Amino acid sequence: MMNFLLEQRRQRGAFEARRNLRRQIAVMERLQERKDPFLKYSDAKFKSRYRFSKGNVLRLTDLLEPNLQRPTNRSNPLLPVQQILVTLRYFATGSVQKLVGDDMNISPASICRTAHSVARSIASFRQQVIQFPRPDEMHQVQQDFYNIAQFPGVVGAIDCTHVPIISPGGPQAVTFINRKSVSSINVQVIGDARLRIRNVVARWPGSAHDTRIFTNSSIAQRFERGDINGILLGDSGYPVRRYLMTPLRNPVTREQIHYNSAHKTTRNIVERLFGVLKRRFPIIGKRLDTALRHTIVIIVAVCVLHNISQQYGEVVEDDDESEDDDDDDDDDSSEDDSSDDDNDDDDDDDSSEDDSSDDDDDDVDDDAGDIEPPADIPDDRHGNDIRLGIIRNHFGRLQV
């Protein structure tokens, strides 16, 4: 009997040893299959795929790594730099299928979990990376704007852009349908003359009017209290305020025409910013097929990455998108392929936090769903007086 038990134990030990060996071989094969993009791609190709140069991806890894290292029982976890590359590639394509077709050999579910986890980590740097100009910066910011078209006192250009999303469902779903009958998030951005995002509000549904988003934001309250000295430039959809200048509807005199021309040229900065942002990270130009809580975090994360890109001196090439597809032999990687984002069994239900988008500038009413475009909001008399003063005292003295 004793010999039988010893033989059983020996056989069990041999079985465990063989199983461990097979597991180690599988891990090694999997690591070999995950080819190193740093070695595989040239500098130009690497940047076209990941939107950052190799050196700047490593800088980004140093910044995010403490948040991405977690204990796990998995045999082959992704390294922090691999997690970041997966997320950057996802943001650059908006496609889970394209990542499945890449060489890193990662399942769609793992891609989704990784992208959402890294997006939360990136978005957590929002308050450090997206800041309205401090008092000691104001003069330089105003000078940068003045150099564009000689419009005085400008500290930011404001506008909203719609990020298409999958319908969130439920009783509030209709409030996300914008005037083009597409479900979206209406994202408010204030940019500076160097194409940096200085303020972002990324929570309002597509039916929300730009004016209401601004009026209910804390940045508007700061202007109202007089905490910020300077002028924002907005389009004619905004009402005139003492701190918010819009174009004249029917300019007649030379000064008025000059004012409108300078206003249009200077405010165009925010339109350029949107173009660069969506060209750099096309995921927010396509329909985001993620759960709403993830969608908001992704939008904020993309804005944070944009500012980091500007800080690192990354330049957006016009042909970045077209180069992305060169190595992707997954012909089935067509459009709404990231629909499995919602299948991410992220053990991260704590991710409902979207705290990434929760700083002061994101004050959104709990009833933000009950939104109708407001009737015309009257211009502020004081704001009109200031606008007339700028036209008469500044543009009236400039040579056209």
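Along each chain, numbering runs from 1 in the same order as the chain's sequence is written. Only residues with pLDDT of 70 or above have their local features reported here, since the model is predicted, and side-chain atom pairs are shown and tallied only from 80 upward, although totals for entire chains, interfaces and linings are computed over all residues. Excluded from the side-chain calculation are hydrogens and water; included are all heavy atoms of the structure.

J.: Help me out: how do you make sense of helix α9 (residues 135–149) in this one?
T.: Each α-helix turn comprises 3.6 residues. Residues three or four places apart therefore point the same way. Remark: exposure states derive from per-residue accessible area (1.4 Å probe, protein chains only) relative to the maximum for the residue type, with buried under 20%, exposed over 50%, and partly exposed in between. Strands are runs of DSSP state E lasting at least 2 residues, helices are runs of H or I lasting at least 4, and numbering of each runs from the N terminus. For α9, every residue scored as buried is listed here: E137, M138, V141, D144, F145 and A149. The buried residues of α9 all sit within an arc of 135° when viewed along its axis, so they share a single face. Exposed side chains of α9 directed beyond 90 degrees from the buried face belong to D136, H139 and N147. In this analysis, two residues are considered to be in contact whenever any of their non-hydrogen atoms come within 4.5 Å of each other. Looking at the packing, one finds that the buried side of α9 touches β1 (154–164), β2 (184–191), β3 (197–205), α12 (254–280) and α15 (381–395). Just downstream of α9 lies Q150, where phi reads positive at about 60°. Read the arc as the range of directions from the helix axis to the C-beta atoms.

J.: Please clarify how the packing of α12 against α15 should be interpreted in this entry.
T.: Packed helices, taken two at a time, are described by the angle their axes make and the gap between the axes. Packing of α12 against α15 leaves a shortest axis separation of 9 Å and a crossing angle of 105°. As the angle between them shows, α12 and α15 are arranged roughly perpendicular. Here α12 contributes E255, Q256, H258, Y259 and A262 to the contact with α15, which in turn contributes R387, I390, I391 and F395. Per-class residue counts for the contact of α12 with α15 are five nonpolar, two polar and two charged. Helix axes are fitted only over the stretch in contact, all axes being lines through C-alpha atoms; the angle between N-to-C directions runs from 0 to 180 degrees. Throughout, the term roughly parallel applies to angles under 35 degrees, roughly antiparallel to angles over 145, roughly perpendicular to angles from 65 to 115, and oblique to all others. Here the term charged refers only to Asp, Glu, Lys and Arg, the term nonpolar to Ala, Val, Leu, Ile, Met, Phe, Trp, Tyr, Cys and Pro, and the term polar to all other amino acids, Gly among them.

J.: How do you make sense of the nonpolar core when you look at a structure like this?
T.: Most often, soluble globular proteins have nonpolar side chains that are buried together. To define a nonpolar core, start from buried Ala, Val, Leu, Ile, Met, Phe, Trp, Tyr and Cys residues and group those joined through side-chain atoms within 4.5 Å. In this structure, F52, F91 and I283 are the most contacted members of the largest nonpolar core, which totals 78 residues. Tallying contributions element by element places helix α13 (residues 292–312) first for this core, with eleven residues. Beyond its immediate chain neighbours, meaning those up to four positions away, F91 contacts A119, F281, P282, I283, I298, A301, V302 and L305. Grouped together as the second largest cluster of nonpolar side chains are 19 residues, F132, V155, L232 and L244 included.

J.: Teacher, can you tell me more about the sheet that holds β2 here?
T.: Consider a sheet: its strands pair through backbone hydrogen bonds, and that pairing is either parallel or antiparallel. The criterion for strand pairing is that DSSP finds at least two bridges linking the strands in question. A sheet is described by the order of its strands in space; here five strands give the open sequence β3-β2-β1-β4-β5, paired in mixed fashion. The open sheet has two free edges, formed respectively by β3 and β5 (244–245), since each of these has just one partner strand. In terms of strand pairing, strand β4 (residues 231–233) meets β5 through two bridges, oriented parallel. From the neighbouring strand, L233 faces β5, where its bridge partner is M245. Strands β1, β2 and β3 of the sheet are contacted by α9, whose axis makes an angle of about 75° with β1.

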